[in-house]
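Next come the chains, spelled out residue by residue.
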Amino acid sequence: MSVKLSVLGKPLLLRGCSEMKGRKGCSYGLLLYLLLLVAWQTRSRVGVSASDAFKNNITLFTRILDRLLDGYDNRLRPGLGDRVTEVKTDIYVTSFGPVSDADMEYTVDVFFRQRWTDERLKFRGPMNILRLNNLMASKIWTPDTFFHNGKKSVAHNMTMPNKLLRIMENGTLLYTMRLTVQAECPMHLEDFPMDSHSCPLKFGSYAYTLTEVTYVWTRNATFSVEVAPDGSRLNQYDLRGQTVGNETIKSSTGEYTVMTVHFHLKRKIGYFVIQTYLPCIMTVILSQVSFWLNRESVPARTVFGVTTVLTMTTLSISARNSLPKVAYATAMDWFIAVCYAFVFSALIEFATVNYFTKRGWAWDGKSVVNDKKKEGSIMKKNNAYAVAVANYAPHIGKDSALPTISKSAPAEPAKAQPVAKESKKTFNSVSKIDRMSRIIFPVLFGSFNLVYWATYLNREPVIKNMVPSH
């Protein structure tokens, strides 16, 4: 059976109904036709209604925004002449660092959020929140927030301005922007490099006084400022936590509310131990090796003293390169100064020992040469006597004077034997000053290190209401 339907209202042609047996088959055909017709009409109506609803929603959004902006003056703050505008703020730190010691500043990347209520922006509609972008934000009043200690602030605009605006039906607005702030961080470097710092971030209204616009934290101290778990970009510091608060400042134009965040930093000492402290300690130890050298070793001990003094001078200069030119001495400066004093004292100690060394007590090379010359002359005399005895031996019995010569000749070499002995080399004994220095210098230097490290490593600042970082 073939059935042809006309959906345009034309007559229905049913073919094959006559071929069916009885009225039962024809009824089935009519029922199938009716079902198909109803399904097609329902689908058409749903498509048309969805399209109309979409167009109606766009039109409704446009009408709401146009109505909100109709007669709206973004030059006037909410509640003008009636109440104080309250701006609630909170900060989410996405990246903290780096910190510059030389410039005393730090860089922080944040999502800066502000909430306030504007009765002029109340609306009624099918939605509770209008989710908008920066285009709408430029047409309404927004707080004139600025950073008091900011040196340079950047609002990100790639690929579009990173701003978010939400308008609730009761007139409450949420305004969020992404900022990179380069702010001042006053540092006290007396304990450098075992120091801790508190870097502030201060912000508030630029034009509105305390009687017009005031700032409060959205939530408590724990959640008003959050730092991302992987947000630290610090190599020389540990971010211990942060504290929040507010204060009021006075100026010639009035009193203003200032919101404050303090980020607490603790410096890592490992780099400075490797680059400065260990080389200084090794240089001092090297200078004390000269106490164990013989005091006659003038070139060796001079090289030890001069080299170590020059090394300490170089270390003291390089240690200051990464620091601002402060007028006071830091903890590292004191350590280097004491090490320099030990090295210079070792050089002065050698000069003292060398001054009291008696040169005459050393072996006398001239006396040995003279003794050798005397020994050679005596040997020549002995040879002369031997020749004389050999030539005149047959006449010994006849000449009464020869026996006297022959008997007396061997006596002279016997007397000359003690003179012919080689004189022994003699050296100076170990100086008493060297002996005392071998003990006093290491003991004093070890005691200084114990006191130094025990004093500075146990200094830990007490910070109230600090929220530990993740």
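Refer to the structure above for everything that follows.
Let us look at the structure shown here. (Residues numbered from 1 in each chain as written. Predicted model: local features only at pLDDT ≥ 70, side-chain atom pairs only at ≥ 80, totals over all residues. Heavy atoms only, no water.)

What about helix 4 (residues 270-288)?
- Between its terminal C-alpha atoms helix 4 stretches 26 Å, which fits the 27 Å expected from 19 residues at 1.5 Å a residue.
- Residue Tyr277 marks the point of greatest curvature in helix 4, where the axis turns by about 35°; the proline Pro279 follows within four residues.
- When helix 4 is considered as a whole, its buried residues turn out to be Phe272, Thr276, Tyr277, Cys280, Ile281, Thr283, Val284, Ser287 and Gln288.
- Those residues of helix 4 that are buried lie in contact with strand 14 (254-267), helix 5 (298-319), helix 6 (331-355) and helix 10 (432-457). (Helix = DSSP H or I, 4+ residues; strand = E, 2+ residues; numbered from the N terminus. Expected span 1.5 Å × (residues − 1). Bend = angle between axes of the 7 residues up to and from the residue. Buried < 20%, exposed > 50% of the residue type's maximum accessible area, 1.4 Å probe, protein only. Contact = heavy atoms within 4.5 Å.)

Looking at unusual backbone geometry
- A cis amide bond, omega 5°, links Gly97 with the succeeding residue Pro98.
- Inspection of the secondary structure puts Pro98 in strand 3 (residues 85-100).
- A cis geometry characterises the amide bond from Phe192 onward to Pro193, with omega recorded as 5°.
- In this structure, Met104 is a non-glycine residue whose phi angle is positive, near 55°.
- Mapped onto the elements, Met104 comes out in the loop between strand 3 and strand 4 (105-117).

Topic: the pattern of salt bridges
- For the structure shown, the criterion picks out 17 salt bridges.
- In this structure, Glu105 and Lys151 form a salt bridge, with 3.0 Å as the shortest nitrogen-oxygen distance. Of this pair, Glu105 sits in strand 4 while Lys151 sits in strand 7 (residues 150-155), and the two are 46 residues apart along the sequence.
- For Arg178, the salt bridge goes to Asp109, with nearest N and O atoms at 3.1 Å. One end of the pair, Arg178, is in strand 9 (residues 172-184); the other, Asp109, is in strand 4, with 69 residues separating them in the sequence.
- The exposure class assigned to Arg178 is partly exposed, which follows from its relative accessible area of 28%. (Salt bridge = Lys/Arg side-chain N within 4 Å of Asp/Glu carboxyl O.)

Concerning the pairing of strand 9
- Of the strand pairs in this sheet, strand 4 and strand 9 are connected by 13 bridges, and their pairing is antiparallel. Residue pairing in the sheet places Val108 in a bridge with Val181 of strand 9.
- Direction of pairing for strand 7 relative to strand 9: antiparallel, over a ladder of 5 bridges. In the sheet register, Gly150 faces strand 9, and the bridge partner there is Ala183.
- One ladder, built from 5 bridges, connects strand 8 (residues 163-168) with strand 9; its direction is antiparallel. Counted as the bridge partner of Arg166 is Leu174 from strand 9. (Pairing = 2+ DSSP bridges.)

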